[in-house]
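Structural overview for review
For reference, the chains in residue letters:
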Amino acid sequence: MLKGFKDFLMRGNVVDLAVAVVIGAAFTAIVTAFTNGLIKPLINALGGSDAAKGLGFNVLHGNDSTFMDFGGVINAAINFVIVAAIVYFLIVLPMKHIQERRKRGEEPGPAEPTDVELLTEIRDLLRAQQGNGPSSRGN
């Protein structure tokens, strides 16, 4: 039972799903706090038409809803790069190493039944369903 669970976890698609969940939930809040608290003030220090708003400008003078916030876009790009790097180096890369190790030490699985064995089993199951029971004759 545990081997099956371990095999399930080691499949590539389960790892990809886990990575997506981690990106979306756990690291985003931490990285956003980091970039909003440390990186964005540095970007905003570069200024623009109004340094209090950050790096950007108003398309229509006096209309704050038309502010083009380049600092926010740069901040989001930095968020993405940091989150992707963390996930790659802390999750994806170690998982690849584990999968490579499994492949090198992998033992062959149980032998596949031959065609004759499968056909014999099917014949016996069909006879059992018909109520005749398994044949006492040879193959």
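Anything mentioned here points back to the structure above.
Residues numbered from 1 in each chain as written. Predicted model: local features only at pLDDT ≥ 70, side-chain atom pairs only at ≥ 80, totals over all residues. Heavy atoms only, no water.

Here the focus is the overall build of the protein chain. When its secondary structure is counted, the protein chain shows four helices and two strands. Within the protein chain, contacts between residues separated by at least 24 positions form 47% of all contacts whose residues are at least 6 apart in sequence. Here the protein chain has roughly 10,600 Å² of accessible surface; of this, 66% comes from carbon and sulfur atoms. (Helix = DSSP H or I, 4+ residues; strand = E, 2+ residues; numbered from the N terminus. Contact = heavy atoms within 4.5 Å. Areas by Shrake-Rupley, 256 points an atom, 1.4 Å probe, with all protein chains shown as cover.)

Turning to the nonpolar core, a few remarks are in order. In terms of nonpolar packing, the biggest core is built from seven residues, these being Val-15, Val-19, Phe-27, Val-31, Val-83, Val-87 and Met-95. Listing elements by their share of this core, those giving two or more residues are helix 2 (12-45) and helix 3 (70-105). Ranked by residues supplied to this core, first place goes to helix 2 with four residues. Filtering out sequence-adjacent residues up to four positions away, Val-83 remains in contact with Ile-23, Phe-27, Thr-28 and Val-31. (Core = buried A, V, L, I, M, F, W, Y, C linked by side-chain atoms within 4.5 Å. Buried < 20%, exposed > 50% of the residue type's maximum accessible area, 1.4 Å probe, protein only.)

What follows deals with the pattern of salt bridges. Counted under the stated rule, the structure contains one salt bridge. Where Arg-123 meets Asp-124, a salt bridge forms, and the shortest distance between an N and an O atom there is 3.1 Å. (Salt bridge = Lys/Arg side-chain N within 4 Å of Asp/Glu carboxyl O.)

The subject of this paragraph is the side chain of Asn-75. Relative to the elements of secondary structure, Asn-75 occurs in helix 3. Its relative accessible area of 4% is what places Asn-75 among the buried residues. Those residues in contact with Asn-75 that sit more than four places away from it in its chain are Thr-35, Asn-36, Ile-39, Lys-40 and Ile-43.

With 16 residues, helix 4 (residues 115-130) should reach 22 Å at 1.5 Å per residue; the first-to-last C-alpha distance of 23 Å fits that figure. Where helix 4 terminates, the next one or two residues include Gly-131, which has phi positive at roughly 90 degrees. (Expected span 1.5 Å × (residues − 1).)

A cluster of nonpolar side chains, Phe-57, Val-59, Leu-60, Met-68, Phe-70 and Ile-74, forms an exposed patch at the surface whose accessible area comes to about 520 Å². Along the polypeptide, Phe-57 turns up in strand 1 (residues 56-58). (Patch = residues over 30% accessible without salt bridge, like charges linked within 9 Å, V, L, I, M, F, W, Y side chains within 5 Å.)

Time to look at helix 3. For helix 3, which comprises 36 residues, the first-to-last C-alpha distance of 51 Å matches the rise-based estimate of 52 Å (1.5 Å per residue) to within 8%. At Tyr-88, helix 3 shows its largest bend, some 40 degrees. Considered for burial, the residues of helix 3 that qualify are Gly-71, Asn-75, Asn-79, Val-83, Val-87 and Met-95. (Bend = angle between axes of the 7 residues up to and from the residue.)

Turning our eyes to something else, we now look at the environment of Ala-76. Within the secondary structure, Ala-76 is located in helix 3. When the C-alpha positions of Ala-76 and Lys-40 are compared, they lie 9.7 Å apart, and in sequence the two are 36 residues distant.

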